Each structure stands twice: as C-alpha cells, then as structure tokens.
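Residues per chain, in single letters:
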Amino acid sequence: MKKTKNPKRIFTYFSKEIPLLVFITISGILYNFGLLFTPFFQGKMIDSIKDQLPFLDVVSLILIFLGSILFVQVFRIVKRYTVREFANRTVKRIRHTLYDNILHKSLKDLEKEEIGGNLSLIFYDVSQAVEGMRKLTTEIFDTVFVFLFYIVYLMMFSVKITSISLLPIALSILLAFLLRKQIYRSSKRSKELHAILTEKTYDL
C-alpha cells in the first residue's frame, strides 16, 4: 500500500476511493428512489381491485410490483456492499499509516509515549472514526435522499399537512445542533478514559 499524503485530513480517505464512491452514489440514489415504488404500486393494486379491472391487468400489475421490489433490493445489496468495502479499505489505510509512523520512530521517542494511548488509537479510535465515516456515507442516502424523495411525494398529496409534519423534524435538527458541543466533549472524555483503561490493562 502506498504512503498516504495528508493522513490527518478525512477528505484524503474519501478522495482515495472515488470510483467506489461513484458506485455508492448511483446505487444509493436508485435504492432510495425505488423505495417509493412500494406505496405507489400498493395504491395502484388497491385501485385495480376497487375498480374491478380485468384479471390479467391485476396480474401484470402484481408482476411489475414484484419486479420493482427486486430492483430496489439489488441496488440495496450493491450499496451496502460498496459502503462496507469503503470502510474496510479506509481502516486498512489508516492503520497502515499508524503502523508506519511507529516503525519509523526511535526507541527513545516510543518510550516517551503511552502504550495505552497508542493501542487505543490503533484499534479503538480508528474503528470509531471509520464507523463515523461509514455512517455518514450511509445516512446521506438512507436519510437525506429518502427524506427529500418522500417530501416531494407527500407534497403531491397535501402541501399543508406535509409542511405541518415537518415542524417537529426541524425542531429536532435545531436541538441536535445546539447540543453538538456537549456531545463532542462527552465523546472526547470517553476516548481519554478508554486510553487510560487500555494502559492499565496492558500494565496488569
């Protein structure tokens, strides 16, 4: 594996996997857009029974519905696989960089550092950081895109009711924004305590 330039920047690891991110983007958009097929075709099937359409028309509608489900699930598999492949490659790249740094340090420099801190960084912090990157990549599609698709879909039925239903969501986003510093401090403190625990475990 080649040495990573600017290893402290998160964007570096995203830029290393552009082809994979293109697959994630295409499959993510198609999967989440495809989720709208289910309520759409369910409504069509109910209408076909209510309107007493010919039997063959109802069967063809059911087959189209099943085909749309298959379409959605195929792109779901592709998206989940590519996101996990991205996470695995990123873990490998970051740990490679950390091990490379340790191997190129002198014994004096290594003796000054805390073993618990290093072990915590390599095993726990890297996993947590990459898990955050994986969740961000996943949620862009599974939350943001599907949310926007559903808003457009619901607006077609009732602009007023959809707008009212969005108020609690806007409030929860604002609350999360206000609490971000507290969450960051708690997360930082948790990592510090984990490093101490790792150091004590190593000593024992």
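Quantities reported herein were computed from a predicted structural model and do not represent experimental measurements.

On a plain count of helices and strands, the chain comes out with 9 helices and 0 strands. The N-to-C order of helical and strand elements in the chain reads α-α-α-α-α-α-α-α-α. Here the C-alpha atoms of the chain give a radius of gyration of 24 Å, more than 25% beyond the 17 Å that 2.2 N^0.38 yields for 204 residues. Within the chain, the fraction of its 204 residues that count as buried is 25%. Put simply, of all contacts in the chain between residues at least 6 apart along the chain, 80% involve residues at least 24 apart. Roughly 14,700 Å² of accessible area belongs to the chain as shown, and the carbon and sulfur atoms make up 69% of that amount. Taken as two groups, the 29 positive and 17 negative side-chain charges of the chain have centres that lie 5 Å from each other.

Attention now goes to the packing of helix α3 (residues 37-50) against helix α4 (residues 55-103). Following both chains from N to C, one finds α3 and α4 inclined at 170°, their axes separated by 10 Å at the closest point. In terms of their interaxial angle, α3 and α4 are classed as roughly antiparallel. Along the contact surface, α3 presents Phe37, Thr38, Phe41, Gln42, Lys44, Met45 and Ser48, while α4 presents Val58, Leu61, Ile62, Ile64, Phe65, Ser68, Phe71 and Val72.

Below, the discussion takes up the environment of Pro7. Here Pro7 shows up in the segment before α1 (10-15). Setting aside its immediate chain neighbours within four residues, Pro7 contacts Tyr13 and Thr97.

Overall, the coordinates contain 6 salt bridges when judged by the stated rule. The partner of Glu17 in a salt bridge is Arg93, with the nearest N and O atoms 3.0 Å apart. One end of the pair, Glu17, is in the loop between α1 and α2 (18-34); the other, Arg93, is in helix α4, and 76 residues separate them in sequence. Overall, the relative accessible area of 13% leaves Arg93 in the buried class.

The next thing to look at is the packing of α2 against α4. α4 packs onto α2 with a crossing angle of 145° between their chain directions and a minimal axis gap of 8 Å. Of the two possible hands of crossing, α2 and α4 adopt the one that is left-handed. Side by side, α2 and α4 meet where Leu20, Leu21, Phe23, Ile24, Ser27, Gly28, Leu30, Tyr31 and Gly34 of the first sit next to Phe71, Val72, Phe75, Arg76, Val78, Lys79, Thr82, Val83, Glu85, Phe86 and Arg89 of the second. For the contact of α2 with α4, a count of residues per class yields 12 nonpolar, 4 polar and 4 charged.

As a further point, take the nonpolar core. Core analysis: the largest hydrophobic core is formed by 16 residues, its most contacted members being Ile24, Phe86, Ile94, Val126 and Val130. Every element with two or more residues in this core is listed here: α1, α2, α4 and α6 (115-155). Element by element, the count of residues in this core is highest for α4, at 6 residues. In contact with Phe86, other than residues within four places in its own chain, are Tyr13, Phe14, Glu17, Leu20, Leu21, Ile24, Met133 and Thr137.

Our next topic: the confidence of the model for the chain. Of all residues in the chain, 93% have pLDDT values of 70 or greater, and the mean over the chain is 83. Mean pLDDT values over the elements of the chain span from 69, in helix α5 (residues 107-112), up to 91, in helix α7 (residues 159-165).

Right, let's get into the packing of aromatic side chains. Counted by the stated rule, this structure contains 10 aromatic pairs. A centroid spacing of 6.3 Å and a plane angle of 70° characterise the contact between Phe37 and Phe41, whose relative ring orientation is edge-to-face. Of the two residues, Phe37 and Phe41 both sit in helix α3, 4 residues apart, roughly one turn of that helix. Ring pairing ties together the aromatic residues Phe33, Phe37, Phe40, Phe41, Phe71, Phe75, Phe141, Phe145 and Phe149, which thus form one cluster.

Turning to the side chain of Thr138, a few remarks are in order. Residue placement: Thr138 occurs in helix α6. Note on Thr138: relative accessible area 11%, which makes it buried. Residues in contact with Thr138, not counting those within four places in the same chain, are Lys79 and Val83.

How each quantity is defined
Residues numbered from 1 in each chain as written. Predicted model: local features only at pLDDT ≥ 70, side-chain atom pairs only at ≥ 80, totals over all residues. Heavy atoms only, no water. Helix = DSSP H or I, 4+ residues; strand = E, 2+ residues; numbered from the N terminus. Rg over C-alpha atoms; globule rule 2.2 N^0.38 Å. Buried < 20%, exposed > 50% of the residue type's maximum accessible area, 1.4 Å probe, protein only. Contact = heavy atoms within 4.5 Å. Areas by Shrake-Rupley, 256 points an atom, 1.4 Å probe, with all protein chains shown as cover. Lys, Arg positive; Asp, Glu negative; His and termini not counted. Charge placed at Lys NZ, Arg CZ, Asp CG, Glu CD. Axes fitted to C-alpha atoms, helices over the stretch in contact; angles between N-to-C directions. Parallel < 35°, antiparallel > 145°, perpendicular 65-115°, else oblique. Salt bridge = Lys/Arg side-chain N within 4 Å of Asp/Glu carboxyl O. Left-handed = near helix turned anticlockwise from the far one by under 90°. Nonpolar A, V, L, I, M, F, W, Y, C, P; charged D, E, K, R; others polar. Core = buried A, V, L, I, M, F, W, Y, C linked by side-chain atoms within 4.5 Å. pLDDT = per-residue confidence, 0-100. Phe/Tyr/Trp six-rings, centres within 6.5 Å; stacked < 30°, edge-to-face > 60°.

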